[in-house]
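# A structural walkthrough
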Amino acid sequence: MACTFNRDEPLGGLPPKHCLGGAYKPSISGRLELEEALTFCKTTLETNLKENVNLVRVSAPLFVTRASGFNDNLNGTERPATFEPRDFPGTHLEVPFSLAKWKRWALHYYGVEAGRGLVTDFRGLRCDDDVDYTHSLYVDQFDWEKH
């Protein structure tokens, strides 16, 4: 049950009321309290992933060079968010769609032994996603790979 994003509504990307049920009331009312709760959830999930799946946290790239080949062209039609840094003319950088290729490279780069893996907090932009209450232009997700 997707909804249409309405940019004129202050919270146009939230689920439609009929999806939440008539009696839905958020248990966290303050915005700062909500941010703290989200941070707690993400930290707890990462800690448990590392301990239970034998992972180590590494930093993910915010952008990659087009020439690196790391950016997955998910379905062949999406456009990456791109830019050319002022001090590096001719260098085309892209915000990744996913880290699938990069994670396999990183296992080798960091010398991760068999039975161990990497976890990262991937942040990306997907310019051509259909925006609704389940999809956003901005992606913030845990990503992990085991050797």
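Above this note sits the structure.
Let us look at the structure shown here. Once a new chain begins, its residue numbering starts again from 1 and follows that chain's sequence as written. Confidence filtering applies because this is a predicted model: local features only for residues at pLDDT of at least 70, side-chain atom pairs given and counted only at 80 or more, and all residues used for totals across whole chains, interfaces and linings. The side-chain numbers reported here are obtained from all heavy atoms of the structure, hydrogens and water having been left aside.

### Some thoughts on the overall build of the chain
In this text, helices come from DSSP runs of H or I with a minimum length of four residues, and strands from runs of E with a minimum of two, each type numbered from the N-terminal end. Across its full length, the chain holds 3 helices and 6 strands. Helices (α) and strands (β) of the chain occur, in sequence order from the N terminus, as α-α-β-β-β-β-α-β-β. Burial classification: accessible surface area is computed with a 1.4 Å probe over protein chains only, and a residue below 20% of its type maximum counts as buried, one above 50% as exposed, and the rest as partly exposed. With 147 residues in all, the chain has 28% of them scored as buried. For the chain, the proportion of contacts with a sequence separation of at least 24, taken over those separated by at least 6, is 64%. Of the roughly 10400 Å² that the chain leaves accessible, carbon and sulfur atoms contribute 55%. Contacts between residues were defined by any pair of non-hydrogen atoms, one from each residue, lying within 4.5 Å. Using the Shrake-Rupley algorithm and a 1.4 Å probe, accessible areas are obtained, with residue cover drawn only from the displayed protein chains.

### Comments concerning a nonpolar patch on the surface
What makes a patch is a set of residues exposed beyond 30% relative accessible area and free of salt bridges, joined within 9 Å when like-charged and within 5 Å when nonpolar (Val, Leu, Ile, Met, Phe, Trp, Tyr). One side-chain nitrogen of Lys or Arg within 4 Å of one carboxyl oxygen of Asp or Glu is enough to make a salt bridge. A grouping of Leu62, Phe63 and Phe83 is seen on the molecular surface, where their side chains present a nonpolar patch of about 300 Å² in accessible area. Note on placement: Phe83 falls in strand β3 (residues 82–83).

### With respect to the sheet that holds strand β5 (residues 117–125)
Taken in spatial order, the 3 strands make up an open sheet running β1-β5-β6, and their pairing is mixed. Edge positions in the open sheet fall to β1 (55–57) and β6 (138–146), since each of these has one partner strand only. Between one strand axis and the next, the sheet turns by 35 degrees as a mean value, whatever way the strands run. As defined by bridge partners, β1 adjoins β5 across 3 bridges and the pair is classed as parallel. Looking at β5, one finds that Arg57 is bridged to Val119. This element, helix α2 (residues 31–53), spans β1, β5 and β6 of the sheet and lies at about 15 degrees to β6. Pairing between strands is defined by DSSP: at least two bridges between them are needed. Axes, fitted as lines to C-alpha atoms, cover a helix only where it is in contact. Angles between the N-to-C directions of the axes lie from 0 to 180 degrees.

### Let's talk about unusual backbone geometry
Although it is not a glycine, Asn54 sits at a positive phi angle of roughly 65 degrees. Inspection of the secondary structure puts Asn54 in the loop between α2 and β1. Overall, Asn54 belongs to the partly exposed group, its relative accessible area being 35%.

### Observations concerning the pairing of β5
The buried fraction of β5 is high, at 7 of 9 residues. As defined by bridge partners, β5 adjoins β6 across 9 bridges and the pair is classed as antiparallel. Considered in β6, the bridge of Thr120 is made with Asp143.

On their own, these measurements won't tell you what the molecule is for.
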